[in-house]
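Reading the structure
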Amino acid sequence: GGRERGGRERGGGERGGRERSDQGGDRPERRGNRGPISVDDIFSHNYSVRIISPDGAVKAEWPMPDDGPHPKMIHACEDGTVYIAGHGKIASYNKDGKRLAMVDVDEISGSKSLAAGLFVSDKHVFLAVGTGNSMRATEDIYRFNRDLTDAKKIIEQQYGCCSHIDMQVMNGELLIAENSRHRVNRFDLDGKRLGRWGKRDRTGIEGFAACCNPVNIDIGPDNVLYTAESGVGRIKKYTPDGKFLGVVGYVDTTEFDRGSKLAAQTCYIPIEVNKDASRVYVVDVRANLIRVLAPKEK
């Protein structure tokens, strides 16, 4: 697919404040500092989705039409259904790339927005809708049925830098990596807050380093939660309630020390863990590479 280029500004982050409700975040009066920058507003691209084998061979390619969605988030289900979201649209596809349904997210949210995160459970589709391009960027979480009907906003104002925030469903809970606040928030599937864990830590190993982490999360076997930290390129694992289980490994990342149009890409390293955790796939968006972590041979 095409490459996104967004901006980042200094400032923002967590500065105390109280929560207005179980569904709201800290400092509810502060939204994203400005409207999202869509890559469509800056560059012209041809978009597609590629199906790639474990050894990196392209097995198939689905061109994305001009009416979208232009892929930014993707989730593939066990039944072969694939959900794709980006730039004001979300759509579902069958295993052969035929579009089944598409929804205009801008119309639902009432403003121009970006797909900031996506996860699909057995019954629901959870979509984070982002506003802003700095550490003050915020995301609202919408829940759909699997056929993309019955859209409902269930959570307001999670803080994910540059309109990136990752989600997973585990043990009947929705886990949200609120990266601008260095924590993982736990909600039930209706959006009621259940708890949170995590802290900022620039010297230790159990907390999260850099400006906005954990930036991405994934579920491995035995309900282990894997986390990815941008800037330091560190992959770790935890229990769902935050007990530290160890470091998986490191990947090369390009650090940055001041804002640029490429900063948002550096702040975004999606990960996927295979079924037996023998491989962890880490996307290096800026270098256009998929890096693979595997256990060292003894």
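Attention in this report is confined to the structure presented alongside it. (Residues numbered from 1 in each chain as written. Predicted model: local features only at pLDDT ≥ 70, side-chain atom pairs only at ≥ 80, totals over all residues. Heavy atoms only, no water.)

The next thing to look at is the overall build of the protein. A tally of regular secondary structure across the protein gives 3 helices and 21 strands. The buried share of the protein, taken over its 298 residues, is 51%. By sequence separation, contacts in the protein at least 24 residues apart represent 49% of the contacts at least 6 residues apart. Taken as a whole, the protein presents about 14100 Å² of accessible surface, with 46% of it coming from carbon and sulfur. (Helix = DSSP H or I, 4+ residues; strand = E, 2+ residues; numbered from the N terminus. Buried < 20%, exposed > 50% of the residue type's maximum accessible area, 1.4 Å probe, protein only. Contact = heavy atoms within 4.5 Å. Areas by Shrake-Rupley, 256 points an atom, 1.4 Å probe, with all protein chains shown as cover.)

Position of Arg146 among the secondary structure elements: in the loop between strand 9 (138-145) and strand 10 (152-159). Separated by 25 residues in the primary sequence, Arg146 and Ser121 have C-alpha atoms spaced 8.4 Å apart. The contacts of Arg146, once residues within four sequence positions are left out, are Cys77, Asp79, Thr81, Tyr83, Val120, Ser121, Asp122, Lys123, His124 and Val125. A polar contact is formed between the side chain of Arg146 and the side chain of Asp79, at a distance of 3.2 Å. (Polar contact = N/O pair within 3.5 Å; in protein donor to acceptor, adjacent residues only side chain to side chain.)

Moving on, we come to the pairing of strand 2 (residues 58-63). The sheet contact formed by strand 1 (residues 48-52) and strand 2 spans 5 bridges and is antiparallel. Its bridge partner being in strand 2, Ser48 is matched across the sheet by Pro63. Count of turn residues in the strand 1/strand 2 antiparallel hairpin: 5 residues, of which Gly56 carries a positive phi of about 95°. (Pairing = 2+ DSSP bridges.)

It is worth spelling out a nonpolar patch on the surface at this point. On the surface, Ile52, Val58, Ile290 and Val292 cluster together into a nonpolar patch covering about 340 Å² of accessible area. Topologically, Val292 is positioned in strand 21 (residues 289-293). Note on Val292: relative accessible area 43%, which makes it partly exposed. (Patch = residues over 30% accessible without salt bridge, like charges linked within 9 Å, V, L, I, M, F, W, Y side chains within 5 Å. Salt bridge = Lys/Arg side-chain N within 4 Å of Asp/Glu carboxyl O.)

On the basis of which strands lie adjacent, the open sheet formed by 4 strands has the order 15-16-17-18 and antiparallel pairing. Each edge of the sheet is formed by a strand with only one pairing partner; in this case those strands are strand 15 (216-220) and strand 18 (244-250). Adjacent strand axes in the sheet meet at a mean angle of 25°, parallel and antiparallel pairs treated alike. Of the pairings in the sheet, the one linking strand 16 (residues 224-229) to strand 17 (residues 234-238) comprises 5 bridges and is antiparallel in character. Paired with Glu229 across the two strands is Arg234, which belongs to strand 17. (Axes fitted to C-alpha atoms, helices over the stretch in contact; angles between N-to-C directions.)

Turning to the sheet that holds strand 14 (residues 193-197), a few remarks are in order. An order of 11-12-13-14 is seen for the 4 strands of this open sheet, with the pairing classed as antiparallel. Of all the strands in the sheet, the pair left with one neighbour each is strand 11 (166-170) and strand 14. Put simply, the sheet's adjacent strands are angled 20° from each other on average, direction ignored. Inspection of the sheet shows strand 13 (residues 183-188) paired to strand 14 by 4 bridges, in the antiparallel sense.

The biggest cluster of nonpolar side chains holds 17 residues, and the ones touching the most others in it are Ile90, Leu118, Val125, Leu127 and Phe144. Secondary structure elements with two or more residues in this core: strand 4 (82-86), strand 7 (114-120), strand 8 (124-131) and strand 9. Those residues in contact with Ile90 that sit more than four places away from it in its chain are Ile84, Ala85, Ala101, Met102, Val103, Val105, Leu118, Val125, Leu127, Phe144 and Leu148. Formed by 13 residues, the second largest nonpolar core is a distinct cluster that contains Ala116, Ile154, Ile165 and Leu174. (Core = buried A, V, L, I, M, F, W, Y, C linked by side-chain atoms within 4.5 Å.)

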